[in-house]
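Examining the three-dimensional arrangement
The lines below spell out each chain.
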Amino acid sequence: MYAFFFRLVFRRMDPERAHHLAFAWIRLAARIPVLRTFVAAALAPRHKELRTEAFGLRMHGPFGLAAGFDKNAAAIDGMAMLGFDHIEIGTVTGEPQPGNPKKRLFRLVEDRALINRMGFNNDGSAAVAERLAAREAVFRTVVGVNIGKTKVVPEAEAAADYVKSTERLARHADYLVVNVSSPNTPGLRNLQATESLRPLLTAVREAADRSVDGRRVPLLVKIAPDLADEDVDAVADLAVELGLDGIIATNTTIAREGLGLTSDPELVKETGGLSGAPLKERSLEVLRRLYARVGDRITLVGVGGVENAEDAWQRILAGATLVQGYSAFIYEGPFWARGIHKGLAARLATSPYATLAEAIGADTRKAPAA
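Here goes a summary of the coordinates provided. (Residues numbered from 1 in each chain as written. Predicted model: local features only at pLDDT ≥ 70, side-chain atom pairs only at ≥ 80, totals over all residues. Heavy atoms only, no water.)

**Description of the overall build of the chain**
From N to C terminus, the chain includes 15 helices and 13 strands. Its C-alpha atoms give the chain a radius of gyration of 19 Å, within 12% of the compact-globule value 21 Å for 370 residues. Expressed along its principal axes, the backbone C-alpha trace of the chain runs to roughly 50 × 50 × 50 Å. For the chain, restricting intrachain contacts to residue pairs at least 6 apart in sequence, the fraction spanning at least 24 positions comes to 75%. (Helix = DSSP H or I, 4+ residues; strand = E, 2+ residues; numbered from the N terminus. Rg over C-alpha atoms; globule rule 2.2 N^0.38 Å. Contact = heavy atoms within 4.5 Å.)

**Focus on unusual backbone geometry**
Note that the residue after K102, namely K103, is joined by a cis bond; omega there is 5 degrees. Residue T250 is reached from A249 by a cis peptide bond, and omega for that bond is 15 degrees. Take T250: it is sitting in the loop between β10 (246-249) and α9 (265-268). One non-glycine residue, F55, lies in the positive phi region at around 40 degrees. When you line up the elements, F55 lands in the loop between β1 (52-54) and β2 (57-59). Phi is positive for A73, which is not a glycine, with a value near 60 degrees. When you line up the elements, A73 lands in the loop between β3 (63-65) and α4 (76-81).

**Some details on the pattern of salt bridges**
Per the counting criterion, the structure on display carries 27 salt bridges. Of the charged contacts in the structure, one is a salt bridge between E110 and R11, with a shortest N-O distance of 3.5 Å. Residue E110 is located in the loop between β5 (105-108) and β6 (113-116), and its partner R11 is located in the loop between α1 (2-8) and α2 (15-31); the two are separated by 99 residues in the primary sequence. Look at R11 and you get partly exposed, because its relative accessible area is 39%. Of the charged contacts, one joins D237 and R293 as a salt bridge, the two residues approaching to 2.7 Å between their closest N and O atoms. Of the two residues, D237 sits in helix α8 (residues 229-242) while R293 sits in helix α10 (residues 280-294), which places them 56 residues apart along the sequence. For R293, a relative accessible area of 37% gives the class partly exposed. Linked through salt bridges whose partners overlap, the residues forming this network are D229, D233, D237, R282, E285, R289 and R293. (Salt bridge = Lys/Arg side-chain N within 4 Å of Asp/Glu carboxyl O. Buried < 20%, exposed > 50% of the residue type's maximum accessible area, 1.4 Å probe, protein only.)

**What to know about α2**
Taking 1.5 Å of rise per residue, 17 residues should cover 24 Å, and α2 covers 25 Å from first to last C-alpha, within 8% of that figure. Every buried residue of α2 is accounted for by P15, E16, A18, H19, A22, F23, I26, A29 and A30. Down the axis of α2, the buried set is contained in an arc of 155 degrees. They therefore lie on one face. Turned more than 90 degrees away from the buried face of α2, the exposed residues are R17 and R31. Against the buried residues of α2 lie α3 (33-43), α4, β5 and α12 (327-332). The residue sitting at the N-terminus of α2 and contributing the capping side-chain oxygen is D14; that oxygen lies 3.1 Å from the backbone nitrogen of E16. (Expected span 1.5 Å × (residues − 1). Arc of directions from axis to C-beta. Polar contact = N/O pair within 3.5 Å; in protein donor to acceptor, adjacent residues only side chain to side chain.)

Here is the structure:
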């Protein structure tokens with residue numbers, strides 16, 4: 001039914017306008033008590049066998065919403081109502097910014113992909129912090145906060161900008177993510193180099209510890225799929241050295257060649273980050289490499305090209321404790337998370353593993369060393 005609606009309505013609509021319309025419907029449904037209870041019962045049934053613990057946080061399952069959909073913490077309960085086990089808001093920057101000029105979001109329907117050059121459009125860390133502080137949660141869910149660099153801030157002053165956001169947001173976050181991997185903010189990906197990343201992550205860790213009393217906020221870093229293998233290894237080693245709680249692999253890619261894209265060439269050549277199905281192979285490759293490097297010392301989050309339960313299961317076997325998605329939500333609709341949970345439970349039941357935790361990294365551990 002959703003596929004028919006997508007073809008009839010959303011596909012004919014500007015992608016960003018369609019996003020805002022869907023976002024408004026989700027928020028509205030979450031505000032109506034009887035309706036949200038009915039929707040959650042239908043779309044967010046719980047599977048006890050999928051209960052997950054990551055960086056000290058307990059979740060109903062491993063599947064969450066990646067950053068980018070709810071940039072301003074405006075629909076957390078709505079997304080929990082749709083069955084996501086954790087919600088990562090953002091990316092939030094130190095100062096509010098409108099993002100890049102429109103048109104800046106493109107659907108590659110034939111490839112089940114998106115290209116975006118949104119440019120961290122958001123209300124800024126002060127406004128988002130106020131919204132999180134005032135939130136009266138309807139559904140219990142884990143909320144991650146993804147922070148990035150304000151566009152006008154010079155690269156040399158990036159750490160101070162991240163610290164500003166951390167000081168405002170850390171107390172409201174179940175976990176915090178340093179995003180240094182979006183291709184749509186000039187110079188941002190340069191911060192993935194370990195000589196830049198080390199002082200940045202150290203400053204954010206110290207700011208989070210200053211800002212929150214009696215609780216250590218888990219800190220993660222999100223990396224790009226376009227990193228060379230040796231740079232993936234370097235980030236993994238740095239994460240262990242600094243005692244980070246997790247790595248999210250991966251963000252969008254700037255690559256186009258070798259991905260087998262079949263959409264209109266005029267769309268394919270649009271600048272921005274590509275997400276969705278074409279990212280699947282490289283994202284999984286990076287995840288396997290990270291797990292082979294860090295093992296169980298750091299929690300890994302697999303994201304990029306996750307479309308269905310099989311994709312999520314492969315991420316878990318590769319080493320991910322948590323799995324995230326976003327782009328496929330546009331194509332699959334509101335029953336997406338429900339289907340992934342049902343499929344994961346079925347795969348676990350027929351696997352040799354007694355628990356989901358036992359399955360984490362199983363395939364990577366069995367693979368011969370390179």
